[in-house]
Amino acid sequence: EAAQFPLTRIQPLKPGSNLVPSAAVHALLVLVRRGAVWARRHRVAVAGLTPFVGVAAGAGFAVLVVAARLAADGQQVSPMWLTVVYLLHTCGELTLSPVGLSSMTKLAPFKFKGQMMGVWFMAAALGNLIAGLVGGRVDPEKLQDMPALFQQTSIFLFIAAVVCGLLVFAKNAAVTEAHQVRN
C-alpha cells in the first residue's frame, strides 16, 4: 500500500517558498526580463505576453486532467503532478501581476490611479471568488467527476487565452494604424 499524507505537505512546494523552485522562478523572471528587452528592441508590446497567463493556467489544468484520470482509474498518483501544476500556475501569475499592475498605474489618469489600483485588486478578488466556486464543485467522494471538471476548466482557460491574444492583436493593430495616421 502506498503511503498517504495530507495535501498541506505539498503546499510548501509552491514556487517562491522553496529554494529549488525559487531558483527556477528567478531564472524564469530573468528570461521574462530579457524577453521584455527583446520586445522593446523589436517594438513588440510586453502586454502581448498576457495571453501566456491563460496558456500557463490551462496547461496546469491539463496536467490535472491526466493525473485525475489516473487516480479515477485507481492508480496511485505522485505529488509531483501538483508540483508541475504549481509551477505552471505561478509562472502565469508572475507574468500577469507585474505587467498588469504597472499598466494600471501608467495608463490611468493621475486623479484615478488609486481607483484603478482598487479595480485591479477587485478583479483579483473576483477571480478568487470564481476559483472558490469552481473549487467548491470538487467532491473528493466523486473522484470520477474530477477529470471532466479539470478538462472544462482547461478548455475555458485556453479559449480565454485565444480571446486575450486576439484582443492584444487588435489593440496593437489599432495603435499602429493610429501612429501611421498621425505621421
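To keep things clear, this report deals only with the structure shown in the data block. What you are looking at is a predicted structure, and each value in this text was computed from that prediction instead of being measured.

## Some remarks on the overall build of the protein chain
In step 1: Looking only at helices and strands, the protein chain has 5 helices and 0 strands in total.
In step 2: Within the protein chain, buried positions represent 21% of all 183 residues.
In step 3: Considering only intrachain contacts with a sequence separation of at least 6, the fraction spanning at least 24 residues in the protein chain is 66%.
In step 4: Working note: accessible area of the protein chain is about 12900 Å², and carbon and sulfur atoms make up 68% of it.

## Side note on helix 2 (residues 51-72)
In step 1: With 22 residues, helix 2 extends 31 Å between its outermost C-alpha atoms, agreeing within 8% with the 32 Å of an ideal straight helix rising 1.5 Å per residue.
In step 2: Once helix 2 ends, the next one or two residues include G74, with phi positive near 90°.

## Re a nonpolar patch on the surface
In step 1: On the surface, L126, L129, I130 and L133 cluster together into a nonpolar patch covering about 400 Å² of accessible area.
In step 2: If you trace the backbone, L129 turns up in helix 4 (residues 113-136).

The rules behind each value
- Residues numbered from 1 in each chain as written.
- Predicted model: local features only at pLDDT ≥ 70, side-chain atom pairs only at ≥ 80, totals over all residues.
- Heavy atoms only, no water.
- Helix = DSSP H or I, 4+ residues; strand = E, 2+ residues; numbered from the N terminus.
- Buried < 20%, exposed > 50% of the residue type's maximum accessible area, 1.4 Å probe, protein only.
- Contact = heavy atoms within 4.5 Å.
- Areas by Shrake-Rupley, 256 points an atom, 1.4 Å probe, with all protein chains shown as cover.
- Expected span 1.5 Å × (residues − 1).
- Patch = residues over 30% accessible without salt bridge, like charges linked within 9 Å, V, L, I, M, F, W, Y side chains within 5 Å.
- Salt bridge = Lys/Arg side-chain N within 4 Å of Asp/Glu carboxyl O.

Fair warning: the whole summary comes from geometry, so function is off the table for now.
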